[in-house]
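An overview of the molecular structure
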Amino acid sequence: MTEPVRVAVVGCGFFARNHLFAWKDLAAHGADLVAVCDIDPAKAEAAAREFGVPHWYTDMDDLMSSERVDLLDIATRMDTHGLLVGKAVAAGIATIVQKPFAPDWDAAVAMKQSAEATGVFLAVHENFRFQTPLQRVRNVVAGGAIGVPTWGRISFRTGYDVYAGQPYFYDEERFIILDLGVHTLDMARVLMGEVEHVFCETQRRNPKVRAEDTATIMLRHVSGAVSVVDFSYESRKLPDTFPETLLEIEGPEGSVILEPGLQMRVTRGDETSTTDVGAPLLPWTERPWHVAQEGVLITCRHMLESFRAGEPAETSAEDNLKTFAVVEAAYESAHTRRAAKPRPVP
Ligand code: NAD
Ligand code: 89V
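Given the structure is predicted, the values throughout are model-derived calculations rather than measurements.

About the cut-offs
Residues numbered from 1 in each chain as written. Chains lettered and ligands numbered in written order. Predicted model: local features only at pLDDT ≥ 70, side-chain atom pairs only at ≥ 80, totals over all residues. Heavy atoms only, no water. Near = heavy atom within 4 Å. Polar contact = N/O pair within 3.5 Å; in protein donor to acceptor, adjacent residues only side chain to side chain. Areas by Shrake-Rupley, 256 points an atom, 1.4 Å probe, with all protein chains shown as cover. Helix = DSSP H or I, 4+ residues; strand = E, 2+ residues; numbered from the N terminus. Nonpolar A, V, L, I, M, F, W, Y, C, P; charged D, E, K, R; others polar. Pairing = 2+ DSSP bridges. Axes fitted to C-alpha atoms, helices over the stretch in contact; angles between N-to-C directions. Bend = angle between axes of the 7 residues up to and from the residue. Buried < 20%, exposed > 50% of the residue type's maximum accessible area, 1.4 Å probe, protein only. Contact = heavy atoms within 4.5 Å. Expected span 1.5 Å × (residues − 1).

Our next topic: the site of ligand 1. Looking at ligand 1, there are 22 residues lining it, with Phe 15, Asp 38, Lys 99, Asn 127 and Tyr 168 nearest. Note that an oxygen atom of ligand 1 is positioned 3.5 Å from one of the backbone N or O atoms of Thr 76. Protein coverage of the free-state accessible area of ligand 1, which is 860 Å², stands at 88%. Where the shell around ligand 1 is concerned, the elements lending two or more residues are helix H4 (78-90) and helix H8 (176-192). When its residues are assigned to classes, the shell around ligand 1 shows eight nonpolar, nine polar and five charged.

If you want it as structure tokens, here you go:
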């Protein structure tokens, strides 16, 4: 019988509920949710009560000094990540931190380097690549069915009211590329390989929003492939496909297309087939978020298994910095109106 992994969740806000449900489900895989923390005592207490967690705190230092935690899951917003991750890593506690890794490159690099210097497990909860539909696409591409990808489009366009659950979006200094580009550009790396340079145009189409709410990015990959990654929270179309990532990846042998309703169409030579690759509903997930919610469970399971095996997560701090470098290159290109290269990860 392997020892349970003692997990604590810091941040009990809008999205953290999905982390809490996921860790409770992973009790069957050896996760033991021992504590939650939120600076808002009402949220911390409510989360502990709802999820049957024995202890709750309003200060992470108190949690770390009072509990024996093996794996800390930080589900706060990016402005707190540097401080909280720094504390956890200094305490030698393996840590997962929600996306965006940080508000800026330097803060993200500092966290990665602190974990590297101490040998502490540090991963970013970047869950789109773990979502069932996108895993199915990954399997097709990795299996070589279409050959090495040469062209792709990865698209997330919605008019769903994302602001209702995440009102802080209105005031971000840098918005949709940091919030959503971290997901879609990560998928571009996963499916098409590392990025050589990007050209990006941004738009602010909603007058109530301070920063960009739409981005259209063209990427040249190191392999020579070209992809277009586009995303907006200001699309007006029905049916709205939130939170589906739609895509088409082309190679010399064929293509894989993810269509609305999460129908995956694979063409190989002169044969084509369509499969429903939608995420299953779980007792605690609900439409339309269920695709993203199930992705949280799969991601947390991957983190648990990676930690237990003493291996870096797929979305380790180092890996996520490669995506973050593409995010920064997109902002640079949008500012200079010229192509920009992702900076190397130090
Ligand atoms: P939120 O503001 O609703 O919740 C954050 C919580 O953290 C709040 O309850 C706040 O009181 C608490 N908090 C702040 N500072 C703290 C501290 N020092 N110690 C303990 N608790 C503290 O935010 P949210 O919408 O839940 O987003 C949280 C993160 O999740 C964001 O980075 C967001 O980008 C990310 N997110 C990810 C996904 C996804 O994985 N697909 C989806 C939505 C949001
Ligand atoms: O998944 C996320 O990071 C959320 C979104 C609105 C894109 O679902 O912010």
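Next, the rest of the story.
Within the open sheet, the eight strands sit side by side as S8-S9-S10-S7-S11-S12-S13-S14. Their pairing is mixed. Among the strands making up the open sheet, the edge pair consists of strand S8 (195-203) and strand S14 (271-276). Sheet twist, expressed as the mean angle between neighbouring strand axes with direction ignored, is 10°. Here strand S12 (residues 254-259) runs beside strand S13 (residues 263-268); their pairing, made up of six bridges, is antiparallel.

Attention now goes to the site of ligand 2. What surrounds ligand 2 is the set Lys 99, Phe 128, Val 162, Gln 166, Phe 169, Asp 179, Leu 180, His 183, Tyr 233, Phe 242 and Trp 289. Within the side chain of Asp 179, a nitrogen or oxygen atom sits 3.1 Å from an oxygen atom of ligand 2. Between ligand 2 and the protein, one listed contact pairs an oxygen atom with a side-chain N or O atom of His 183 at 2.7 Å. Considered class by class, the residues forming the shell around ligand 2 number seven nonpolar, two polar and two charged.

The next thing to look at is H8. Within H8, the axis deviates most sharply at Val 182, by approximately 45°. A large share of H8 lies buried, amounting to 16 of its 17 residues. Gly 193 lies just past H8 and shows a positive phi near 95°.

Turning next to the environment of Val 7. Looking at the secondary structure, you find Val 7 in strand S1 (residues 5-10). Overall, the relative accessible area of 0% leaves Val 7 in the buried class. Expressed as a C-alpha distance, the spacing of Val 7 and Tyr 160, which sit 153 residues apart in the sequence, is 33 Å. In this view, Val 7 contacts Trp 23, Ala 31, Asp 32, Leu 33, Val 34, Ala 35 and Leu 71; residues no more than four positions away in its chain are not counted.

Here we take up helix H9 (residues 290-309). With 20 residues, H9 should reach 28 Å at 1.5 Å per residue; the first-to-last C-alpha distance of 29 Å fits that figure. Following H9 by one or two positions, Gly 310 has its phi on the positive side, about 70°.

Geometry only, nothing functional implied.
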